[in-house]
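The residues making up each chain are set out below.
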Amino acid sequence: MAKVRRVVATVLVAVGSMVLAGVGSASRASEPWWFDLPPGEKREMAAREDVYRRSSPPAPKDQVGAREAVQQGDPARPAGIIESGEYPDPTVVIQNRWQGPAGDGHMAVFAGAYRDRPEQGLVIVHWYDDQWRFVRGRPVESPRAQGSLRITGAGDGVLILRAGSGDELRFDLATATFVD
């Protein structure tokens with residue numbers, strides 16, 4: 001009986017070692033984009049993603065059909081200016097956003113200001129692949145501290161934004177910069 005226990009214990013240790021070795025060998029490339037966020041923000045982001053995932057219809061099996069649906073105006077991903085202030089980072093206050101096709105994928109631009117510095121407007125640009133999977137993102141501050149930004153128009157690859165001060169700014173989607 002003692003021999004059987006030793007064999008079972010040896011097998012369990014070997015299996016546990018293999019599992020831990022597999023977990024430790026995961027590369028940074030396989031980690032989600034929000035991996036480096038502080039723990040509280042990760043939980044909030046995961047909860048929002050879970051709600052979104054449960055409320056979205058399942059993806060079509062035919063990926064060609066899915067790509068055509070997105071390009072023709074997927075109701076789950078409308079294009080244009082969207083009056084939504086939702087954003088997973090509590091350090092910013094978002095007024096609205098614009099999203100639409102960009103190159104081989106899609107782009108979303110969130111407009112607003114920092115919560116602790118409401119005089120400093122900013123846009124946060126997210127790039128997505130053709131299946132709306134997050135690729136990368138970055139914040140871009142307005143050239144001058146003019147207050148929170150709101151997207152008021154879009155055309156010819158340029159977003160028109162109105163600052164809290166009333167000034168009008170232009171944001172070039174191709175270069176992701178403010179232009180004169």
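So, how was this worked out
All chains use their own residue numbering, which begins from 1 and follows the written sequence. Under the rules for a predicted model, residues below a pLDDT of 70 receive no local features and side-chain atom pairs below 80 are neither given nor counted, while totals for whole chains, interfaces and linings still include all residues. By convention in this description, side-chain values take in all heavy atoms of the structure and omit both hydrogens and water. We define a salt bridge as a side-chain nitrogen of Lys or Arg found within 4 Å of a carboxyl oxygen belonging to Asp or Glu. Buried means the residue's accessible area, taken with a 1.4 Å probe over protein chains only, is under 20% of the maximum for its type, while exposed means over 50%, and partly exposed covers the values in between. Note on pairing: DSSP must find at least two bridges between two strands before they are called paired. For helices the rule is a DSSP run of H or I covering at least 4 residues; for strands it is a run of E covering at least 2, with both sets numbered from the N terminus onward. Where helices are involved, their axes are fitted lines through C-alpha atoms of the stretch in contact, as for all axes, and angles between N-to-C directions lie from 0 to 180°. Two rings belonging to Phe, Tyr or Trp (six-membered ring only in the last case) form a pair when the distance between their centres is within 6.5 Å. Interplanar angles under 30 degrees mark stacking, angles over 60 mark edge-to-face geometry, and anything in between is tilted. Ring-over charges, as used throughout, are those where CZ of Arg or NZ of Lys falls within 6 Å of the ring centre and within 35 degrees of the ring normal. The predictor attaches a confidence to each residue, and that confidence, scored 0 to 100, is pLDDT. Contacts between residues were defined by any pair of non-hydrogen atoms, one from each residue, lying within 4.5 Å.

### Here we look at the pattern of salt bridges
Okay, step 1: The final tally for this structure, using the stated rule, is five salt bridges.
Okay, step 2: For glutamate 168, the salt bridge identified is with arginine 162, shortest N-O distance 3.5 Å.
Okay, step 3: A relative accessible area of 37% places arginine 162 in the partly exposed class.
Okay, step 4: Among the ionic contacts, a cluster of salt bridges with common partners joins Arg162, Glu168 and Arg170.

### Structural notes on the sheet that holds strand S5 (residues 134–141)
Okay, step 1: The strand order S1-S2-S3-S4-S5 describes an open sheet built from five strands, whose pairing is antiparallel. One side of each edge strand has no neighbouring strand; the edge strands of this open sheet are strand S1 (80–82) and S5. Between one strand axis and the next, the sheet turns through 20° on average, direction left out of account.
Okay, step 2: Sheet analysis places strand S3 (residues 105–114) next to strand S4 (residues 121–128), joined by eight bridges and oriented antiparallel. Across the sheet, methionine 107 pairs through a bridge with tryptophan 127, a residue of S4.

### Here's the deal with the packing of aromatic side chains
Okay, step 1: A full pass over the atoms with the stated rule returns four aromatic pairs.
Okay, step 2: Between tyrosine 128 and phenylalanine 134, the aromatic rings sit 6.0 Å apart at their centres with planes inclined by 80°, giving edge-to-face as the arrangement.
Okay, step 3: Ring plane angle 70° and centroid distance 5.1 Å describe the contact between phenylalanine 171 and phenylalanine 178, whose orientation is recorded as edge-to-face. Neither residue differs from the other here; phenylalanine 171 and phenylalanine 178 are each classed as buried.
Okay, step 4: Through a chain of ring-to-ring contacts, three or more aromatic side chains come together here, namely Tyr128, Trp132 and Phe134.
Okay, step 5: Between the NZ or CZ atom of arginine 117 and the centre of the ring of tyrosine 114, over which it lies, the distance is 4.4 Å.

### A closer look at the confidence of the model for the chain
Okay, step 1: Per-residue pLDDT for the chain has a mean of 77; in total, 58% of the residues score no lower than 70.
Okay, step 2: For the chain, per-element mean pLDDT is lowest for helix H3 (residues 63–71), which scores 42, and highest for strand S8 (residues 168–172), which scores 97.
Okay, step 3: Predicted confidence is poor over residues 18–29, with pLDDT under 50, and the contacts of this stretch with residues over four places away or in other chains come to two contacts.

### Side note on the sheet that holds S8
Okay, step 1: If you walk across this open sheet you meet the four strands as S6-S7-S8-S9, and the pairing is antiparallel. Across the chains shown, the open sheet's two edge strands, defined by having one partner strand only, are strand S6 (149–155) and strand S9 (177–179). In this sheet, neighbouring strand axes are inclined to one another by 35° on average, regardless of whether the strands run parallel or antiparallel.
Okay, step 2: Where strand S7 (residues 158–163) and S8 come together, five bridges link them in antiparallel fashion. In the sheet register, leucine 161 faces S8, and the bridge partner there is leucine 169.

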